[in-house]
Amino acid sequence: MKQHYDIAIVGGAMAGATLALALSARGDREGRPWRIAVIEAHTPESQRHPGYDTRAIALAEGSVRRLKTLGCWPAIQAHAAPIERIEVSDQGHFGGLAMASQEYGVEALGQVVELERVGPALWQQLAKSGVDCFSPDQLAELTQQNDQVALTLTSGQQLTARLVVGADGTHSKVREKLGLGLRRTPYPQTALIANLSARDHGATAYERFTAEGPLALLPMCDDRYSLVWVQSPEQAQRRLQLSEAQFLAELQQAFGYRLGRFTQVGQRASYPLALCKAERVIHHRCVLVGNAAQTVHPIAGQGFNLGLRDVEVLAHLLSQADDPGAFSLLAQYEQQRRNDRGRTTGWTDLLVRLFSNSSRVMALGRNSGLLAMSLLPGLKRQLAGQAMGWRGGAPRHPQQK
Ligand SMILES: Cc1cc2nc3c(=O)[nH]c(=O)nc-3n(C[C@H](O)[C@H](O)[C@H](O)COP(=O)(O)OP(=O)(O)OC[C@H]3O[C@@H](n4cnc5c(N)ncnc54)[C@H](O)[C@@H]3O)c2cc1C
(Lines give C-alpha, C1' and ligand atoms only; values in the text may rest on other atoms or scores of the structure.)
Protein backbone atom coordinates (compact mmCIF):
# COMPACT_ATOMS: atom_id res chain seq x y z
CA MET A 1 0.00 0.00 0.00
CA LYS A 2 1.26 3.50 -0.81
CA GLN A 3 1.97 5.64 2.23
CA HIS A 4 2.14 9.42 2.14
CA TYR A 5 4.57 11.59 4.09
CA ASP A 6 5.51 15.24 4.30
CA ILE A 7 9.22 14.43 4.43
CA ALA A 8 11.06 11.22 3.46
CA ILE A 9 14.70 11.01 4.53
CA VAL A 10 16.82 8.48 2.64
CA GLY A 11 19.70 7.39 4.91
CA GLY A 12 19.46 7.11 8.69
CA ALA A 13 23.07 7.50 9.80
CA MET A 14 24.39 10.64 11.55
CA ALA A 15 22.91 13.24 9.18
CA GLY A 16 19.60 11.47 8.49
CA ALA A 17 18.88 10.42 12.09
CA THR A 18 19.72 13.82 13.62
CA LEU A 19 17.59 15.57 10.98
CA ALA A 20 14.63 13.24 11.61
CA LEU A 21 14.86 13.83 15.38
CA ALA A 22 15.14 17.60 14.96
CA LEU A 23 12.13 17.72 12.61
CA SER A 24 9.99 15.45 14.80
CA ALA A 25 10.62 17.74 17.78
CA ARG A 26 9.71 20.98 15.97
CA GLY A 27 6.90 20.48 13.46
CA ASP A 28 5.86 23.03 10.83
CA ARG A 29 5.17 26.78 11.03
CA GLU A 30 1.96 26.19 13.01
CA GLY A 31 3.66 23.63 15.27
CA ARG A 32 1.81 20.74 13.56
CA PRO A 33 3.93 17.57 13.49
CA TRP A 34 5.43 16.60 10.13
CA ARG A 35 4.72 13.06 8.90
CA ILE A 36 8.27 11.76 8.49
CA ALA A 37 9.72 8.55 7.04
CA VAL A 38 13.34 7.40 7.30
CA ILE A 39 14.57 4.77 4.83
CA GLU A 40 17.81 3.08 5.87
CA ALA A 41 19.58 0.12 4.29
CA HIS A 42 21.00 -1.27 7.57
CA THR A 43 19.60 -1.84 11.05
CA PRO A 44 21.49 0.22 13.66
CA GLU A 45 23.16 -2.79 15.32
CA SER A 46 24.36 -4.27 12.03
CA GLN A 47 28.10 -5.06 12.00
CA ARG A 48 28.13 -3.90 8.37
CA HIS A 49 26.50 -0.52 8.99
CA PRO A 50 28.50 2.00 6.93
CA GLY A 51 27.43 4.97 9.07
CA TYR A 52 27.65 3.42 12.55
CA ASP A 53 30.94 1.51 12.39
CA THR A 54 33.92 1.35 14.77
CA ARG A 55 34.95 4.91 13.87
CA ALA A 56 35.01 7.57 16.58
CA ILE A 57 34.57 11.15 15.41
CA ALA A 58 35.35 14.47 17.06
CA LEU A 59 32.43 16.85 17.46
CA ALA A 60 33.33 20.51 17.75
CA GLU A 61 32.04 22.45 20.75
CA GLY A 62 29.72 24.35 18.39
CA SER A 63 28.32 21.05 17.09
CA VAL A 64 27.55 19.87 20.62
CA ARG A 65 25.59 23.10 21.17
CA ARG A 66 23.76 22.53 17.86
CA LEU A 67 22.90 18.94 18.83
CA LYS A 68 21.53 20.19 22.17
CA THR A 69 19.34 22.76 20.40
CA LEU A 70 18.12 20.15 17.91
CA GLY A 71 17.20 17.78 20.77
CA CYS A 72 19.68 15.04 19.75
CA TRP A 73 22.32 15.39 22.47
CA PRO A 74 20.61 13.23 25.17
CA ALA A 75 20.99 10.15 22.92
CA ILE A 76 24.64 10.90 22.16
CA GLN A 77 25.95 12.20 25.48
CA ALA A 78 26.37 8.79 27.18
CA HIS A 79 28.81 7.77 24.41
CA ALA A 80 30.89 10.95 24.36
CA ALA A 81 34.29 11.76 25.90
CA PRO A 82 35.54 15.36 26.24
CA ILE A 83 38.62 16.83 24.54
CA GLU A 84 40.13 19.32 26.99
CA ARG A 85 43.44 19.82 25.21
CA ILE A 86 44.73 19.45 21.65
CA GLU A 87 48.42 19.03 20.81
CA VAL A 88 49.54 19.44 17.20
CA SER A 89 53.07 18.54 16.08
CA ASP A 90 55.06 17.87 12.93
CA GLN A 91 57.34 14.82 12.96
CA GLY A 92 61.00 15.81 12.65
CA HIS A 93 60.35 19.58 12.67
CA PHE A 94 60.40 22.29 15.31
CA GLY A 95 56.87 23.69 15.16
CA GLY A 96 54.17 22.66 17.60
CA LEU A 97 50.91 23.97 18.95
CA ALA A 98 48.78 23.30 22.01
CA MET A 99 45.27 24.51 22.83
CA ALA A 100 43.48 24.05 26.14
CA SER A 101 39.79 24.51 26.87
CA GLN A 102 40.48 26.96 29.75
CA GLU A 103 42.14 29.38 27.32
CA TYR A 104 38.79 29.73 25.59
CA GLY A 105 36.57 29.69 28.66
CA VAL A 106 34.84 26.42 27.73
CA GLU A 107 34.68 23.10 29.58
CA ALA A 108 35.79 21.12 26.53
CA LEU A 109 37.10 21.96 23.05
CA GLY A 110 34.88 19.18 21.68
CA GLN A 111 33.63 15.66 22.31
CA VAL A 112 34.63 12.32 20.79
CA VAL A 113 31.70 10.04 19.99
CA GLU A 114 31.74 6.35 19.05
CA LEU A 115 29.47 5.86 16.07
CA GLU A 116 28.66 2.16 16.71
CA ARG A 117 27.26 3.16 20.12
CA VAL A 118 25.63 6.42 19.04
CA GLY A 119 23.68 4.79 16.16
CA PRO A 120 21.51 2.45 18.26
CA ALA A 121 20.94 5.26 20.82
CA LEU A 122 19.74 7.68 18.11
CA TRP A 123 17.45 4.98 16.69
CA GLN A 124 15.97 4.24 20.11
CA GLN A 125 15.09 7.93 20.36
CA LEU A 126 13.70 7.80 16.79
CA ALA A 127 11.45 4.85 17.73
CA LYS A 128 9.80 7.04 20.40
CA SER A 129 9.50 10.10 18.16
CA GLY A 130 6.64 9.13 15.86
CA VAL A 131 8.92 8.84 12.81
CA ASP A 132 8.20 5.81 10.56
CA CYS A 133 11.41 3.85 9.93
CA PHE A 134 11.75 1.57 6.90
CA SER A 135 14.84 -0.49 7.74
CA PRO A 136 16.43 -2.59 6.47
CA ASP A 137 15.20 -1.27 3.14
CA GLN A 138 16.63 0.81 0.33
CA LEU A 139 15.58 3.46 -2.13
CA ALA A 140 15.34 1.84 -5.58
CA GLU A 141 13.42 4.39 -7.68
CA LEU A 142 12.49 8.03 -7.37
CA THR A 143 10.02 9.93 -9.61
CA GLN A 144 9.42 13.65 -9.24
CA GLN A 145 5.84 14.76 -9.75
CA ASN A 146 4.33 18.21 -9.58
CA ASP A 147 3.51 18.38 -5.88
CA GLN A 148 5.22 15.25 -4.53
CA VAL A 149 7.93 12.68 -5.15
CA ALA A 150 7.12 8.97 -5.53
CA LEU A 151 9.62 6.51 -4.03
CA THR A 152 9.87 2.76 -4.58
CA LEU A 153 11.92 0.75 -2.10
CA THR A 154 13.71 -2.52 -2.87
CA SER A 155 11.11 -4.35 -0.73
CA GLY A 156 8.43 -3.14 -3.16
CA GLN A 157 7.04 -0.65 -0.60
CA GLN A 158 5.83 2.57 -2.25
CA LEU A 159 5.88 5.99 -0.61
CA THR A 160 5.14 9.54 -1.64
CA ALA A 161 6.55 12.63 0.04
CA ARG A 162 6.35 16.38 -0.46
CA LEU A 163 10.10 16.62 0.22
CA VAL A 164 12.80 13.97 -0.19
CA VAL A 165 16.06 14.47 1.72
CA GLY A 166 19.14 12.62 0.45
CA ALA A 167 21.14 11.82 3.59
CA ASP A 168 22.50 8.70 1.94
CA GLY A 169 26.21 9.41 2.02
CA THR A 170 29.03 9.82 -0.48
CA HIS A 171 27.58 7.39 -3.05
CA SER A 172 24.10 8.92 -2.75
CA LYS A 173 21.43 7.16 -4.79
CA VAL A 174 19.17 10.22 -4.42
CA ARG A 175 21.86 12.43 -5.98
CA GLU A 176 22.41 9.88 -8.75
CA LYS A 177 18.68 9.54 -9.54
CA LEU A 178 18.33 13.33 -9.71
CA GLY A 179 21.28 13.55 -12.09
CA LEU A 180 23.05 16.10 -9.87
CA GLY A 181 26.70 16.51 -10.86
CA LEU A 182 29.51 15.56 -8.47
CA ARG A 183 33.03 16.96 -8.44
CA ARG A 184 35.31 14.22 -7.14
CA THR A 185 39.03 14.67 -6.43
CA PRO A 186 40.62 11.48 -5.14
CA TYR A 187 43.56 11.83 -2.73
CA PRO A 188 46.38 9.28 -3.06
CA GLN A 189 45.71 8.46 0.60
CA THR A 190 43.78 6.02 2.77
CA ALA A 191 42.69 6.51 6.39
CA LEU A 192 43.48 3.54 8.61
CA ILE A 193 41.48 3.51 11.84
CA ALA A 194 41.63 1.42 15.02
CA ASN A 195 40.94 1.78 18.73
CA LEU A 196 43.89 1.54 21.14
CA SER A 197 44.45 1.16 24.85
CA ALA A 198 46.70 3.77 26.44
CA ARG A 199 47.60 5.04 29.88
CA ASP A 200 45.40 7.78 31.41
CA HIS A 201 45.06 10.17 28.47
CA GLY A 202 44.09 13.30 30.36
CA ALA A 203 41.40 14.12 27.77
CA THR A 204 44.09 15.23 25.29
CA ALA A 205 43.75 14.79 21.53
CA TYR A 206 46.90 14.58 19.42
CA GLU A 207 47.39 15.39 15.78
CA ARG A 208 50.82 14.62 14.36
CA PHE A 209 51.90 15.36 10.83
CA THR A 210 54.26 12.71 9.52
CA ALA A 211 56.04 12.33 6.19
CA GLU A 212 53.36 9.75 5.22
CA GLY A 213 50.36 11.87 6.25
CA PRO A 214 48.57 13.08 9.39
CA LEU A 215 48.00 10.80 12.38
CA ALA A 216 45.35 11.66 14.98
CA LEU A 217 44.62 10.12 18.36
CA LEU A 218 41.27 11.04 19.88
CA PRO A 219 40.58 10.33 23.57
CA MET A 220 37.64 7.99 24.22
CA CYS A 221 35.94 6.68 27.38
CA ASP A 222 37.86 4.12 29.54
CA ASP A 223 41.37 5.33 28.62
CA ARG A 224 41.08 4.24 25.02
CA TYR A 225 42.17 6.18 21.97
CA SER A 226 40.72 6.27 18.51
CA LEU A 227 43.45 6.27 15.86
CA VAL A 228 43.06 7.85 12.41
CA TRP A 229 46.29 7.33 10.46
CA VAL A 230 46.42 8.71 6.93
CA GLN A 231 48.92 7.01 4.59
CA SER A 232 49.35 5.69 1.06
CA PRO A 233 46.86 2.99 -0.01
CA GLU A 234 49.75 0.50 -0.34
CA GLN A 235 51.02 1.14 3.21
CA ALA A 236 47.49 0.92 4.60
CA GLN A 237 46.93 -2.40 2.84
CA ARG A 238 50.20 -3.72 4.23
CA ARG A 239 49.52 -2.47 7.78
CA LEU A 240 46.06 -4.05 7.79
CA GLN A 241 47.81 -7.42 7.43
CA LEU A 242 50.47 -6.89 10.14
CA SER A 243 50.37 -8.77 13.43
CA GLU A 244 49.27 -6.70 16.44
CA ALA A 245 52.87 -6.42 17.72
CA GLN A 246 54.26 -5.33 14.34
CA PHE A 247 51.47 -2.81 13.86
CA LEU A 248 52.00 -1.29 17.31
CA ALA A 249 55.76 -1.05 16.69
CA GLU A 250 55.22 0.91 13.45
CA LEU A 251 52.64 3.15 15.08
CA GLN A 252 54.96 3.80 18.01
CA GLN A 253 57.71 4.79 15.59
CA ALA A 254 55.43 7.28 13.82
CA PHE A 255 53.85 8.75 16.97
CA GLY A 256 56.68 8.50 19.53
CA TYR A 257 56.37 7.80 23.24
CA ARG A 258 54.51 10.82 24.61
CA LEU A 259 51.69 8.44 25.63
CA GLY A 260 54.03 5.68 26.80
CA ARG A 261 53.93 2.28 25.11
CA PHE A 262 50.78 1.23 23.24
CA THR A 263 49.78 -2.23 24.40
CA GLN A 264 46.62 -3.26 22.57
CA VAL A 265 44.91 -2.46 19.30
CA GLY A 266 41.39 -3.42 18.24
CA GLN A 267 39.98 -4.23 14.81
CA ARG A 268 41.60 -2.19 11.99
CA ALA A 269 39.62 -0.71 9.07
CA SER A 270 40.48 1.51 6.11
CA TYR A 271 38.76 4.25 4.09
CA PRO A 272 39.93 5.51 0.68
CA LEU A 273 39.91 9.32 0.72
CA ALA A 274 38.50 11.82 -1.78
CA LEU A 275 36.98 15.27 -1.80
CA CYS A 276 33.45 14.99 -3.23
CA LYS A 277 31.20 17.99 -3.74
CA ALA A 278 27.76 17.96 -5.35
CA GLU A 279 27.46 20.81 -7.87
CA ARG A 280 23.89 21.52 -6.73
CA VAL A 281 22.28 20.40 -3.47
CA ILE A 282 18.64 20.96 -4.49
CA HIS A 283 16.29 19.75 -7.22
CA HIS A 284 12.51 19.79 -7.58
CA ARG A 285 11.21 18.76 -4.08
CA CYS A 286 14.57 17.16 -3.20
CA VAL A 287 17.57 18.28 -1.14
CA LEU A 288 20.94 16.82 -0.11
CA VAL A 289 22.54 16.97 3.36
CA GLY A 290 25.71 15.61 4.99
CA ASN A 291 28.10 13.41 3.03
CA ALA A 292 25.61 13.18 0.14
CA ALA A 293 26.19 16.93 -0.38
CA GLN A 294 29.95 16.94 0.34
CA THR A 295 32.56 14.55 1.69
CA VAL A 296 35.83 15.96 3.02
CA HIS A 297 39.19 14.51 4.08
CA PRO A 298 39.21 13.64 7.82
CA ILE A 299 42.41 15.70 8.42
CA ALA A 300 40.59 18.41 10.35
CA GLY A 301 37.67 16.32 11.63
CA GLN A 302 35.15 18.49 9.78
CA GLY A 303 32.91 15.96 7.93
CA PHE A 304 29.95 15.57 10.25
CA ASN A 305 30.52 18.97 11.84
CA LEU A 306 29.84 20.43 8.39
CA GLY A 307 26.98 18.01 7.65
CA LEU A 308 25.34 18.96 10.94
CA ARG A 309 25.27 22.59 9.83
CA ASP A 310 23.29 21.39 6.74
CA VAL A 311 20.90 19.66 9.15
CA GLU A 312 20.60 22.76 11.36
CA VAL A 313 19.81 25.13 8.47
CA LEU A 314 17.30 22.75 6.86
CA ALA A 315 15.56 22.06 10.20
CA HIS A 316 15.30 25.78 10.88
CA LEU A 317 13.83 26.57 7.42
CA LEU A 318 11.36 23.70 7.72
CA SER A 319 10.18 24.92 11.14
CA GLN A 320 8.95 28.08 9.37
CA ALA A 321 7.33 26.29 6.41
CA ASP A 322 3.89 25.11 5.32
CA ASP A 323 5.03 23.21 2.21
CA PRO A 324 8.32 21.40 3.01
CA GLY A 325 9.23 21.04 -0.67
CA ALA A 326 8.50 24.63 -1.74
CA PHE A 327 11.06 25.91 -4.23
CA SER A 328 11.66 29.14 -2.25
CA LEU A 329 12.62 27.13 0.85
CA LEU A 330 15.03 24.90 -1.08
CA ALA A 331 16.58 27.93 -2.80
CA GLN A 332 17.15 29.55 0.61
CA TYR A 333 18.77 26.34 1.86
CA GLU A 334 21.17 26.23 -1.08
CA GLN A 335 22.03 29.90 -0.74
CA GLN A 336 22.54 29.74 3.06
CA ARG A 337 24.82 26.72 2.79
CA ARG A 338 26.95 27.99 -0.10
CA ASN A 339 29.67 29.94 1.79
CA ASP A 340 30.19 27.43 4.59
CA ARG A 341 30.38 24.51 2.13
CA GLY A 342 32.85 26.38 -0.07
CA ARG A 343 35.02 27.62 2.79
CA THR A 344 35.18 24.35 4.73
CA THR A 345 35.80 22.09 1.72
CA GLY A 346 38.40 24.64 0.49
CA TRP A 347 40.46 24.98 3.66
CA THR A 348 40.30 21.26 4.40
CA ASP A 349 41.67 20.54 0.93
CA LEU A 350 44.39 23.17 1.47
CA LEU A 351 45.41 21.53 4.77
CA VAL A 352 45.66 18.13 3.04
CA ARG A 353 47.97 19.54 0.39
CA LEU A 354 50.05 21.55 2.85
CA PHE A 355 50.58 18.72 5.32
CA SER A 356 51.04 15.95 2.77
CA ASN A 357 53.93 17.70 1.10
CA SER A 358 57.41 16.72 2.23
CA SER A 359 59.25 19.56 0.44
CA ARG A 360 61.55 21.60 2.72
CA VAL A 361 59.89 24.90 1.79
CA MET A 362 56.42 23.59 2.60
CA ALA A 363 57.68 22.03 5.83
CA LEU A 364 59.22 25.36 6.84
CA GLY A 365 56.01 27.19 5.97
CA ARG A 366 53.71 24.93 7.95
CA ASN A 367 56.08 24.80 10.91
CA SER A 368 56.39 28.56 11.00
CA GLY A 369 52.59 28.53 10.88
CA LEU A 370 52.27 26.17 13.82
CA LEU A 371 54.91 28.09 15.75
CA ALA A 372 53.31 31.45 14.95
CA MET A 373 49.96 30.12 16.10
CA SER A 374 51.37 28.88 19.38
CA LEU A 375 52.94 32.32 20.00
CA LEU A 376 50.19 34.57 18.66
CA PRO A 377 46.94 34.06 20.58
CA GLY A 378 44.89 35.93 17.92
CA LEU A 379 45.93 33.55 15.15
CA LYS A 380 45.46 30.54 17.37
CA ARG A 381 41.99 31.79 18.30
CA GLN A 382 41.06 31.77 14.60
CA LEU A 383 42.18 28.13 14.34
CA ALA A 384 40.47 27.17 17.59
CA GLY A 385 37.29 28.89 16.37
CA GLN A 386 37.30 26.78 13.21
CA ALA A 387 38.08 23.63 15.20
CA MET A 388 35.24 24.31 17.61
CA GLY A 389 32.76 25.05 14.85
CA TRP A 390 32.29 28.73 15.72
CA ARG A 391 31.99 31.18 12.89
CA GLY A 392 34.43 34.12 13.07
CA GLY A 393 36.95 32.54 15.49
CA ALA A 394 36.77 31.66 19.18
CA PRO A 395 35.59 34.22 21.73
CA ARG A 396 38.17 35.74 24.03
CA HIS A 397 38.47 34.29 27.46
CA PRO A 398 37.26 36.91 29.97
CA GLN A 399 40.72 37.05 31.59
CA GLN A 400 42.53 37.36 28.28
CA LYS A 401 43.72 40.82 27.32
C1 LIG B 1 38.37 7.97 9.13
C2 LIG B 1 37.33 9.04 9.28
C3 LIG B 1 37.37 9.91 10.37
C4 LIG B 1 36.42 10.91 10.50
N5 LIG B 1 36.52 11.78 11.56
C6 LIG B 1 35.60 12.76 11.69
C7 LIG B 1 35.66 13.68 12.79
O8 LIG B 1 36.55 13.60 13.65
N9 LIG B 1 34.71 14.64 12.89
C10 LIG B 1 33.71 14.76 11.97
O11 LIG B 1 32.86 15.66 12.09
N12 LIG B 1 33.62 13.91 10.92
C13 LIG B 1 34.54 12.93 10.77
N14 LIG B 1 34.44 12.06 9.72
C15 LIG B 1 33.33 12.22 8.76
C16 LIG B 1 32.03 11.65 9.32
O17 LIG B 1 32.23 10.33 9.77
C18 LIG B 1 30.96 11.70 8.20
O19 LIG B 1 30.90 13.01 7.69
C20 LIG B 1 29.57 11.33 8.71
O21 LIG B 1 29.60 10.15 9.50
C22 LIG B 1 28.64 11.16 7.49
O23 LIG B 1 27.33 10.92 7.91
P24 LIG B 1 26.13 10.89 6.84
O25 LIG B 1 24.93 10.50 7.62
O26 LIG B 1 26.10 12.15 6.05
O27 LIG B 1 26.53 9.76 5.78
P28 LIG B 1 26.81 8.18 5.97
O29 LIG B 1 27.42 7.90 7.30
O30 LIG B 1 27.55 7.76 4.77
O31 LIG B 1 25.37 7.53 5.98
C32 LIG B 1 24.62 7.29 4.83
C33 LIG B 1 23.54 6.28 5.19
O34 LIG B 1 22.69 6.11 4.06
C35 LIG B 1 22.38 4.74 3.92
N36 LIG B 1 22.05 4.51 2.50
C37 LIG B 1 22.85 4.64 1.42
N38 LIG B 1 22.17 4.38 0.29
C39 LIG B 1 20.90 4.08 0.67
C40 LIG B 1 19.72 3.73 -0.05
N41 LIG B 1 19.69 3.64 -1.40
N42 LIG B 1 18.60 3.48 0.66
C43 LIG B 1 18.59 3.56 2.03
N44 LIG B 1 19.68 3.89 2.74
C45 LIG B 1 20.81 4.17 2.07
C46 LIG B 1 23.63 4.01 4.38
O47 LIG B 1 23.34 2.68 4.81
C48 LIG B 1 24.11 4.90 5.52
O49 LIG B 1 23.61 4.49 6.76
C50 LIG B 1 35.39 11.05 9.55
C51 LIG B 1 35.33 10.17 8.46
C52 LIG B 1 36.29 9.17 8.32
C53 LIG B 1 36.21 8.25 7.14
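Per an unreviewed UniProt entry, the protein goes by 2-octaprenyl-6-methoxyphenol hydroxylase and derives from Ferrimonas marina. The UniProt entry for the protein carries the following text under Pathway (unreviewed entry): "Cofactor biosynthesis; ubiquinone biosynthesis." Quoted verbatim from the Sequence similarities (unreviewed entry) field of UniProt, the annotation for the protein is "Belongs to the UbiH/COQ6 family."

Caption draft 1: Fine view of the overall build of the protein. Tallying secondary structure elements over the protein gives 11 helices and 20 strands in all. Considering the protein as a whole, with its 401 residues, one finds that 55% of them fall into the buried category. Counted over contacts in the protein with a minimum sequence separation of 6, partners at least 24 positions apart contribute 73%. With the model as given, the accessible surface of the protein reaches about 17,400 Å², and the carbon-plus-sulfur share is 50%.

Caption draft 2: Spotlight on the packing of helix H8 (residues 303-318) against helix H9 (residues 327-355). Interaxial distance between H8 and H9 falls to 10 Å at its minimum, and their mutual angle equals 160 degrees. As judged from the angle between their axes, H8 and H9 are roughly antiparallel. Of the two elements, H8 crosses H9, and the hand of that crossing is right-handed. Across from Leu306, Arg309, Asp310, Val313, Leu314, Leu317 and Leu318 in H8, the residues of H9 making contact are Leu329, Gln332, Tyr333, Gln336, Arg337, Asp340, Arg341, Thr344 and Thr345. Taken together, the residues of the contact of H8 with H9 break down into 7 nonpolar, 4 polar and 5 charged.

Caption draft 3: Layout of the packing of helix H1 (residues 14-26) against helix H4 (residues 115-127). Between H1 and H4, the shortest axis-to-axis distance is 10 Å and the interhelical angle comes to 30 degrees. Classified by the angle between their axes, H1 and H4 sit roughly parallel to one another. Along this stretch, H1 crosses H4, giving a crossing that reads as left-handed. Residues Met14, Ala17, Thr18, Ala20 and Leu21 of H1 lie in contact with H4, whose contacting residues are Leu115, Val118, Leu122, Trp123, Gln125 and Leu126.

Caption draft 4: Expanded view of the sheet that holds strand S4 (residues 80-83). Within the open sheet, the 3 strands sit side by side as S3-S7-S4. Their pairing is antiparallel. The outermost strands of the open sheet, each flanked by one partner alone, are strand S3 (56-60) and S4. Each neighbouring strand pair of the sheet contributes to a mean axis angle of 30 degrees, computed without reference to strand direction. Relative to strand S7 (residues 110-114), S4 runs antiparallel, the two sharing 4 bridges. By the bridge assignment for S7, Ala80 is matched with Val113. Taken strand by strand, helix H2 (residues 61-70) contacts S3 and S7, and its axis lies near 85 degrees from that of S3. Running at roughly 80 degrees to S7, H4 makes contact with S3 and S7 of the sheet.

Caption draft 5: Highlighting the site of the ligand. Near the ligand lie 33 residues; those nearest to it are Glu40, Arg55, Ala58, Asn291 and Phe304. Contacts to the ligand include Glu40, whose side-chain N or O atom sits 2.7 Å from an oxygen atom. Arg55 places a side-chain nitrogen or oxygen 2.6 Å from an oxygen atom of the ligand. Breaking the shell around the ligand down by element, the ones donating at least two residues are H1, S3, strand S12 (182-197) and H8. The dominant element in the shell around the ligand, judged by the number of residues it contributes, is H8, at 3 residues.

Caption draft 6: Structural detail: the pairing of strand S1 (residues 3-10). The buried fraction of S1 is high, at 6 of 8 residues. Here 7 bridges tie S1 to strand S11 (residues 158-166), and the two strands are oriented parallel to one another. Note that in S11 the partner of Ala8 across the bridge is Val164. What joins S1 to strand S2 (residues 36-39) is H1, and the crossover it makes is right-handed.

Caption draft 7: Summary view of the pattern of salt bridges. Following the criterion strictly, the structure yields 22 salt bridges and no others. Linking Arg65 and Glu61 is a salt bridge whose minimum nitrogen-to-oxygen distance equals 3.3 Å. Here the residue Arg65 and the residue Glu61 both occupy positions in helix H2, the gap between them amounting to 4 residues, near one helical turn. By relative accessible area, Arg65 is classed as partly exposed at 42%. Measuring nitrogen to oxygen at the nearest pair gives 3.4 Å for the salt bridge that ties Glu141 to Lys177.

Caption draft 8: A look at helix H7 (residues 244-255). The end-to-end C-alpha distance of H7 is 16 Å, a good match for the 16 Å that 12 residues give at a rise of 1.5 Å each. Where H7 is buried, its residues touch S12, strand S13 (204-209), strand S14 (214-220), strand S15 (224-231), helix H6 (233-241) and strand S16 (264-265). Phi for Gly256, located one or two positions after H7, is positive at around 90 degrees.

Caption draft 9: Summary view of the packing of aromatic side chains. All chains considered together, the criterion is met by 5 aromatic pairs. For the pair Trp229 and Phe247, a centre-to-centre distance of 6.0 Å together with 65 degrees between the ring planes defines the contact as edge-to-face. One end of the pair, Trp229, is in strand S15; the other, Phe247, is in helix H7, with 18 residues separating them in the sequence. In terms of burial, Trp229 and Phe247 fall into one category: buried. Joined through ring pairs, the aromatic side chains of Tyr206, Tyr225, Phe255 and Phe262 make up one cluster. Sitting over the ring of Phe255, Arg258 keeps its end group 5.7 Å from the ring centre. Seen from the ring of Phe247, Arg268 lies directly overhead, with NZ or CZ sitting 4.6 Å from the centre.

Thresholds applied
Residues numbered from 1 in each chain as written. Predicted model: local features only at pLDDT ≥ 70, side-chain atom pairs only at ≥ 80, totals over all residues. Heavy atoms only, no water. UniProt positions renumbered as here; feature names shortened; annotations may be inferred. Helix = DSSP H or I, 4+ residues; strand = E, 2+ residues; numbered from the N terminus. Buried < 20%, exposed > 50% of the residue type's maximum accessible area, 1.4 Å probe, protein only. Contact = heavy atoms within 4.5 Å. Areas by Shrake-Rupley, 256 points an atom, 1.4 Å probe, with all protein chains shown as cover. Axes fitted to C-alpha atoms, helices over the stretch in contact; angles between N-to-C directions. Parallel < 35°, antiparallel > 145°, perpendicular 65-115°, else oblique. Left-handed = near helix turned anticlockwise from the far one by under 90°. Nonpolar A, V, L, I, M, F, W, Y, C, P; charged D, E, K, R; others polar. Pairing = 2+ DSSP bridges. Near = heavy atom within 4 Å. Polar contact = N/O pair within 3.5 Å; in protein donor to acceptor, adjacent residues only side chain to side chain. Right-handed = clockwise from strand over helix to strand, strands pointing away. Salt bridge = Lys/Arg side-chain N within 4 Å of Asp/Glu carboxyl O. Expected span 1.5 Å × (residues − 1). Phe/Tyr/Trp six-rings, centres within 6.5 Å; stacked < 30°, edge-to-face > 60°. Lys NZ or Arg CZ within 6 Å of the ring centre and 35° of its normal.

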